[in-house]
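Reading the structure
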Amino acid sequence: MCAAIKKNKKLFLDIETVAQSPVYRLLNLDIQALWDKKALAIRQTAKGGILDNESLYEQKAGIFAEFGKVIVISIRFEYSLNGNLIIENSSFASKNEYDLLFNFANFLNNEFDSLSSAKIIGHNLREFDIPYLARRMIINEIKLPKVLRIGGKRPWQIDYLYDTLCLWKFGDFKNYTSLNLLAKILNV
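Before going into details, it helps to say that this report is about the structure given with it. Positions within a chain are numbered from 1, following the residues in the order the chain's sequence is written. In keeping with the model being predicted, local features are shown solely for residues with a pLDDT of at least 70 and side-chain atom pairs are shown and tallied solely at 80 or more, while totals for entire chains, interfaces and linings include all residues. To get the side-chain values, all heavy atoms of the structure are used, and hydrogens and water are removed first.

1. With respect to helix α4 (residues 125–139)
Helical segments are the DSSP runs of H or I of at least four residues, strand segments are the runs of E of at least two, and each set is numbered from the N terminus. The length a helix should cover is 1.5 Å for every residue beyond the first. The end-to-end C-alpha distance of α4 is 20 Å, a good match for the 21 Å that 15 residues give at a rise of 1.5 Å each. Considering bend angle alone, the principal kink of α4 is centred on P131 and spans about 25 degrees. Three labels apply to residues, based on accessible area from a 1.4 Å probe with only protein chains included: buried if under 20% of the type maximum, exposed if over 50%, partly exposed otherwise in between. Regarding α4, the residues found buried are L125, D129, I130, P131, Y132, L133, A134, R136 and M137. Contact partners of the buried residues in α4: β1 (7–19), β2 (68–81), α3 (97–111), β4 (120–122) and β5 (161–163). Among the residues trailing α4, E141 stands out with phi positive, at a value near 60 degrees. The term bend refers to the angle at a residue between two fitted axes, each drawn through seven residues, those ending there and those starting there. Contacts are residue-level and defined by heavy atoms, with any inter-residue pair within 4.5 Å sufficient.

And the structure:
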């Protein structure tokens, strides 16, 4: 008997990240020095509010893949199976980031063996979630799944990535609309 084939696959995803260390003073001295350089650059582009390096680390380090880590990847996976819509909601979570990323990479490899079958959807996906996941996988020495190998590709070569933030901007680059605001105004 033939195995059932999943069709029309859509993966909605969101990641949550935190700083590598809960506090700046627990970082090794080399990483502290590198954070201090990053903090200087952040302060030079910041609008108002000057924080010391330690406070800035605790507030911002989690958004930088070099100083943060992934703690959860939540997904909604939709596909058609024998004409029926199947919806699976799940999260990849672990105290061990390597395990979390390794399991997620295996999921992506198994479900999206070809880019033509991929449709990945998220808010600020192209600028944050996908690059962050790829960087953290490289740092953890995990082979990148095919769908995350986007370095150097043109936008039309990664047309399977649907970013709701980019779609809502309609080419406007002067502001940012949060997912909460977008959902509220669209009554979602």
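2. Examining the sheet that holds β1
Sheet strands line up and pair through hydrogen bonds in the backbone, either parallel or antiparallel. For two strands to be treated as a pair, DSSP must find no fewer than two bridges joining them. If you trace the five strands from one edge of the open sheet to the other, you get β3-β2-β1-β4-β5, paired in mixed fashion. On the outer flanks of this sheet lie β3 (84–93) and β5, each paired with one strand and no other. When strand polarity is set aside, the average angle formed by the axes of neighbouring strands in this sheet is 20 degrees. Sheet topology places β2 next to β3; ten bridges connect them, and they run antiparallel. Paired with V72 across the two strands is A93, which belongs to β3. Throughout, an axis means a line fitted to C-alpha atoms (over the contacting stretch in the case of helices), and angles, computed between N-to-C directions, take values from 0 to 180 degrees. Across the sheet, α3 touches β1, β2 and β3, and the angle it forms with β2 is around 25 degrees.

3. Overview of the environment of N84
With respect to the helices and strands, the residue N84 is situated in strand β3. Judged by its relative accessible area of 47%, N84 is partly exposed. Taking the C-alpha atoms as reference points, N84 and K6, separated by 78 residues in sequence, lie 9.9 Å from one another.

4. Regarding the packing of aromatic side chains
Side-chain rings of Phe, Tyr and Trp (the six-membered ring for Trp) are treated as a pair once their centres are within 6.5 Å; stacked means planes under 30 degrees apart, edge-to-face means over 60, and tilted covers the remaining angles. Applying the stated criterion across every chain, the model contains 13 aromatic pairs. Pairing F104 with F107 gives two aromatic rings, centres 6.2 Å apart and planes at 20 degrees, and the pair type is stacked. Pair noted here: F104 and F107 are both in helix α3, with a separation of three residues, about one helical turn. By relative accessible area, which is 14% here, F107 ends up buried.

5. A short note on the nonpolar core
Within this scheme, the nonpolar core is defined by two criteria: the residues are buried Ala, Val, Leu, Ile, Met, Phe, Trp, Tyr or Cys, and they are joined through side-chain atoms within 4.5 Å. Formed by 33 residues in total, the largest nonpolar core has its most connected members in L11, L13, I73, F104 and L133. Going through the elements one at a time, β1, β2, α3 and α4 are the ones with two or more residues in this core. Beyond its immediate chain neighbours, meaning those up to four positions away, F104 contacts L11, L13, I73, I75, F92, L133 and M137. The next biggest cluster of nonpolar side chains, apart from the first, holds eleven residues, and it includes A19, W35, A39 and I42.

6. Describing the environment of L34
Mapping L34 onto the fold places it in helix α1 (residues 29–45). For L34, a relative accessible area of 45% puts it in the partly exposed group. Between the C-alpha atoms of L34 and F67, which are 33 residues apart in sequence, the distance is 9.4 Å.

7. Considerations on a nonpolar patch on the surface
Nonpolar side chains collect at one region of the surface, where W168, F170, L181, I185, L186 and V188 lie side by side and expose about 680 Å² of accessible area between them. Here W168 lies in helix α5 (residues 164–169). You can call W168 partly exposed: its relative accessible area is 34%. Only residues whose relative accessible area exceeds 30% and that form no salt bridge are eligible for patches; like-charged ones are grouped when within 9 Å, while nonpolar side chains (Val, Leu, Ile, Met, Phe, Trp, Tyr) are grouped when within 5 Å. Here the Shrake-Rupley method, with its probe set to 1.4 Å, supplies the accessible areas, and only the displayed protein chains count as covering residues. Salt bridges are counted wherever a side-chain nitrogen of Lys or Arg sits within 4 Å of a carboxyl oxygen of Asp or Glu.

8. So, the side chain of N140
By the secondary structure assignment, N140 is in the loop between α4 and β5. A relative accessible area of 18% places N140 in the buried class. Ignoring sequence-local partners within four residues, the contact set of N140 consists of E97, Y98 and L101.

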